[in-house]
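What follows is the residue order along each chain.
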Amino acid sequence: MGDQNQASVDIIICTRDRCEDLTATIENLQRPEVTQGHAVTLTVVDNGSSDATRQVVQEHNGSYLPARYHYHREGGLASARNAGLAVTDQPWVVFIDDDVRPQAGWLAAMIEPLMARRFDAVVGTIRPAEHLRRQWMGTAIASALALNNHEPITNATPNLIGANMAFRRAVLEHVPGFDPQLDPGGLGYGGDTLFSMQLGEAGLKVGRASDAVVDHHFHADRLLRESLLSSAKGFARSRRYINRTYGLWLDEWETCKLLVVLIKLGLFYAGHPLAFKQREGCSLSLIHI
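Being a predicted model, the structure only gives us computed values, none of them experimental. (Residues numbered from 1 in each chain as written. Predicted model: local features only at pLDDT ≥ 70, side-chain atom pairs only at ≥ 80, totals over all residues. Heavy atoms only, no water.)

Turning to unusual backbone geometry, a few remarks are in order. If you check the backbone angles, Asp-17 has positive phi at about 55° while not being a glycine. Position of Asp-17 relative to the elements: it lies in the loop between strand 1 (8-15) and helix 1 (19-29). Although it is not a glycine, Ala-146 adopts a positive phi angle of roughly 60°. With respect to the secondary-structure elements, Ala-146 resides in the loop between helix 6 (139-144) and strand 7 (164-168). (Helix = DSSP H or I, 4+ residues; strand = E, 2+ residues; numbered from the N terminus.)

A few words on the packing of aromatic side chains. The full count for this structure, using the stated rule, is 5 aromatic pairs. Each ring, one from Phe-95 and one from Phe-167, has its centre 6.2 Å from the other, and the planes form 35°; the classification is tilted. Placement of Phe-95 in strand 4 (residues 92-96) and of Phe-167 in strand 7 is noted, with a sequence separation of 72 residues between them. Owing to a relative accessible area of 0%, Phe-167 belongs among the buried residues under this scheme. Arranged with centres 5.3 Å apart and planes meeting at 50°, the rings of Phe-167 and Phe-195 form a pair that is tilted. (Phe/Tyr/Trp six-rings, centres within 6.5 Å; stacked < 30°, edge-to-face > 60°. Buried < 20%, exposed > 50% of the residue type's maximum accessible area, 1.4 Å probe, protein only.)

Okay, helix 5 (residues 106-115) next. The element helix 5 is largely enclosed, with a buried count of 7 among its 10 residues. For helix 5, the full list of buried residues reads Trp-106, Leu-107, Ala-109, Met-110, Ile-111, Pro-113 and Leu-114. In the stretch just after helix 5, Arg-117 is the one whose phi turns positive, near 65°.

Have a look at this one:
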């Protein structure tokens, strides 16, 4: 008989034209201490890459943790995630981004609260790689960079983040997948947040696997002021779509709050004329308005 504490797990990575990041992530997963304790199948969904992504995956076919390649050209990230779900079949599903480095004991910490039935889906800890940490990186900016190591572990209703999340495949009987209108390739953001909300609406539990840690090696240009402001705009568009399409994330004062934000924005720039010249980071006064 098999080990009752061992789970059969699909790890899915969706990627597009980032073979250098992908190489480092796959090589990190080859460390036995990262995934030990469970039977793992690794699937890489190539979302229409024009670089050496296929070759990178094929080079790891004979590794400790072989990588399977699946090409899916249509749509953006949400569509690629759905394709990954369609071509895998294990009872436990884990998604990570192509630029994260899971730490020792990561997979065991992700799967344990699911197997114990404490939660139906979990989000692990996502922290910035050492060279990307900044003293000015407050809560709002960290969230915009898909980081959650700043959040209190007592948060009862965390959102799933696609860079490090897992769930029982059975939840797909209630929420069939990810909305292709959201995330990169669509409105830019919100696919994993909507998925979290829909799980909650279905009466399922989303929790935190705090000891399942990954280091996020996002590109340094995401720390630039213009990138952070662009992210805020994309997040707003995605939130508006979720409001109007699903009736979730509702805010009856949304229009009034928008007017307040615009007024505060004007006052901020009137009092901080040099803020336009700031290259890296974004004033917390601006982020929080």
